[in-house]
Amino acid sequence: MLADRRTLTQFLIEERRRHPAASGQLNALILNVALACRVIARRVAHGALEGVLGTAATTNVQGETQAKLDVLANEIFLRTSEWGGVVAGMVSEEMEEPYAIPDHYPRGKYLLVFDPLDGSSNIDVNVSVGSIFSILRSPHPGEAADPSQFLQPGVEQVCAGYAIYGPSTMLVLTVGTGVYGFTLEPEIGEFILTHPSIRIAPETHEFAINASNVRFWEPAVKRYVDECLAGRAGPRGKDFNMRWIASLVCETHRILMRGGVFLYPRDSKEPAKPGRLRLLYEANPVAFIVEQAGGAATNGYQPIREVVPASLHQRIGFIFGSRDEVERIVRYHRDHNERPYDAALFGQRGLFRGTA
Ligand code: MN
Ligand code: MN
């Protein structure tokens, strides 16, 4: 089986050979993260047998109830990555402040940013979950990182990836040379390259949005969804399918595999939270992967990766996927800055009540 396939380790070493300036530290860090993902995959797979389902009696920094596996997965990421001398600091969705690397370990030149368990509300219903990570350069290699050093725009990422714990476990990553997917061979415990050079189809007829928020949407989003729902008879002239898994990793993976567009836009539901997803742990790494696969990622007004983070746990509206659709949605955002959305003007009534 290994004769004609490459392991993650071989892939990373060969990539590094092609880029002589690349650091061995980066490969070491990616392999540490891959180990964390393998360990989490085992815990997830054992489910109720190991008593890891259900909620922990704690809330995270965002005031959300933590699943037991949120806490466990966070610990696993910290333990597998703190010792290697390759990170100067780590920050996660589950920790208010950056993690301080213990004094007896050397500090390296990278910052590791992660969502240890994405979609954890899916755990108890046995639907796929994942982990998301992003790697930045430390502005002061070898020194302990302070919180402000993590506030780099997504264009500064040197690597981003996710693991998906589904029917098979996969690791999908980019180091800025395209997107590569590895499938975990569970018997030998190796990630094997199975999806070289993943590309997102530019066109699609599939969109994903939480339609229960329709009454909070901005005009551009209402228009886009109305037009999709109008199908063949509407301005798009084709029928669309809708999907919603409520796990960013799963939505991302589906879009990488067969195209589509995902929207969790800024809305008026909680004005204090402009969007639902986290810029550092979710939107930036997914945006890097999606762009490397030929897709696009925006908050509707600006490419995600150009947004300069103001705080570690900042949330943002997030729209990504097939390039043509994302460009259309950006255009609608621009249009409806100047003129309000009037469904009748676009040849239809609003299909959801309250949108007309
Ligand atoms: Mn998440
Ligand atoms: Mn999470």
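Here the structure is a predicted model, which means the values were calculated and not measured. (Residues numbered from 1 in each chain as written. Chains lettered and ligands numbered in written order. Predicted model: local features only at pLDDT ≥ 70, side-chain atom pairs only at ≥ 80, totals over all residues. Heavy atoms only, no water.)

A few words on the domain arrangement of the protein chain. For the protein chain, the assigned domains read domain 1 (2-195) and domain 2 (206-355). Look at where the C-alpha atoms of domain 1 and domain 2 centre, and you get two points 26 Å apart. The junction of domain 1 with domain 2 conceals about 2900 Å² of combined surface from both sides, 65% of it contributed by carbon and sulfur atoms. The tally of links from domain 1 across to domain 2 stands at one salt bridge. Here Glu 93 and Arg 278 are joined by a salt bridge, their closest N and O atoms 3.8 Å apart. The interface formed by domain 1 and domain 2 includes 12 residue pairs in polar contact (both at pLDDT 80 or more). Of all elements in the fold, only β3 (87-92), β4 (110-118), β5 (129-137), β6 (159-165) and β7 (169-174) reach the threshold of two or more residues within the side of domain 1 that touches domain 2. Element by element, the count of residues in the side of domain 1 that touches domain 2 is highest for β6, at six residues. (Domains from an automatic or database assignment. Buried area = accessible area lost by both parts, 1.4 Å probe. Salt bridge = Lys/Arg side-chain N within 4 Å of Asp/Glu carboxyl O. Polar contact = N/O pair within 3.5 Å; in protein donor to acceptor, adjacent residues only side chain to side chain. Helix = DSSP H or I, 4+ residues; strand = E, 2+ residues; numbered from the N terminus.)

Coordination of the manganese ion (ligand 2) by the protein involves Glu 93 (OE), Asp 115 (OD) and Leu 117 (O), with metal-donor separations of 2.3 Å. For the manganese ion (ligand 2), all donor residues lie on one chain, and their spacing in sequence is E-x21-D-x1-L. The metal-metal distance between the manganese ion (ligand 2) and the manganese ion (ligand 1) is 3.6 Å, with Asp 115 coordinating both. The same class applies to Asp 115 and to Leu 117, which are both buried. (Donors = N, O, S within 2.8 Å, 3.2 Å for Na, K, Ca; no water. Buried < 20%, exposed > 50% of the residue type's maximum accessible area, 1.4 Å probe, protein only.)

This next bit is on unusual backbone geometry. The phi dihedral of Asn 126 falls on the positive side, at around 60°, and the residue is not glycine. Looking at where Asn 126 falls in the secondary structure, it is placed in the loop between β4 and β5. Judged by its relative accessible area of 75%, Asn 126 is exposed. At Ser 197, a position not held by glycine, the phi torsion is positive, near 50°. Among the structural elements, Ser 197 can be located in the loop between β9 (190-195) and β10 (206-209). Given a relative accessible area of 45%, Ser 197 falls into the partly exposed group.

Once that is clear, we can look at the packing of helix α2 (residues 24-46) against helix α3 (residues 68-81). Helix-helix packing is characterised by the crossing angle of the two axes and by the distance between the axes. Interhelical geometry of α2 versus α3 gives an angle of 150° and a closest axis separation of 9 Å. As the angle between them shows, α2 and α3 are arranged roughly antiparallel. Crossing of α2 against α3: the hand is right-handed. Of the residues in α3, those touching α2 at Leu 29, Asn 32, Val 33, Leu 35, Ala 36, Cys 37, Val 39, Ile 40, Arg 43 and Val 44 are Leu 69, Leu 72, Ala 73, Ile 76, Phe 77, Thr 80 and Ser 81. A breakdown of the residues in the contact of α2 with α3 according to their chemical character gives 13 nonpolar, three polar and one charged. (Axes fitted to C-alpha atoms, helices over the stretch in contact; angles between N-to-C directions. Parallel < 35°, antiparallel > 145°, perpendicular 65-115°, else oblique. Left-handed = near helix turned anticlockwise from the far one by under 90°. Contact = heavy atoms within 4.5 Å. Nonpolar A, V, L, I, M, F, W, Y, C, P; charged D, E, K, R; others polar.)

Pairing between side chains becomes possible if they bear opposite charge and their charged atoms approach one another. Within this structure, the stated rule accounts for 17 salt bridges. Across the pair Arg 236 and Glu 325 runs a salt bridge, and its minimum N-O distance is 2.7 Å. In this pair, Arg 236 sits in the loop between α4 (219-230) and β11 (241-243) while Glu 325 sits in helix α7 (residues 323-338), placing the two residues 89 residues apart along the sequence. The residues Arg 236 and Glu 325 share a single accessibility class, namely buried. The partner of Arg 305 in a salt bridge is Glu 291, with the nearest N and O atoms 2.8 Å apart. Taken together, the positions of Arg 305 in the loop between β14 (296-298) and β15 (315-316) and Glu 291 in helix α6 (residues 279-292) put the pair 14 residues apart, joining distant regions of the chain.

What follows deals with the coordination of the manganese ion (ligand 1). Summarising the metal site, the manganese ion (ligand 1) is bound by the protein donors Asp 115 (OD), Asp 118 (OD) and Glu 282 (OE), whose distances to it range over 2.0 to 2.2 Å. Read from N- to C-terminus, the donor residues coordinating the manganese ion (ligand 1) fall into the pattern D-x2-D-x163-E.

On to the packing of α4 against α7. Axis separation between α4 and α7 bottoms out at 8 Å; the angle between their running directions is 135°. Between α4 and α7, the crossing angle belongs to the class labelled oblique. Pair α4 / α7 crosses with right-handed handedness. Between α4 and α7, the residues in contact are Pro 219, Ala 220, Val 221, Arg 223, Tyr 224 and Glu 227 and Glu 325, Arg 328, Ile 329, Tyr 332, His 333, Asp 335 and His 336, respectively. Here the residues of the contact of α4 with α7 are counted per class, giving six nonpolar, two polar and five charged.

Our focus in this paragraph is the environment of Gln 66. When you line up the elements, Gln 66 lands in strand β2 (residues 65-67). Separated by 59 residues in the primary sequence, Gln 66 and Val 125 place their C-alpha atoms 16 Å from one another. When residues no more than four places from it in sequence are discounted, the contact partners of Gln 66 are Thr 55, Ala 56, Thr 58, Thr 59, Asn 60, Val 71 and Glu 94.

Here the focus is the nonpolar core. In this structure, Leu 112, Ile 135 and Leu 171 are the most contacted members of the largest nonpolar core, which totals 44 residues. When residues of this core are assigned to their parent elements, the largest contribution, 10 residues, is made by α2. Excluding anything up to four places from it in sequence, Leu 171 contacts Leu 8, Ala 34, Cys 37, Phe 133, Tyr 162, Ala 163, Tyr 180, Gly 181, Phe 182 and Phe 191. The next biggest cluster of nonpolar side chains, apart from the first, holds 42 residues, and it includes Ile 164, Leu 280, Ala 297 and Val 307. (Core = buried A, V, L, I, M, F, W, Y, C linked by side-chain atoms within 4.5 Å.)

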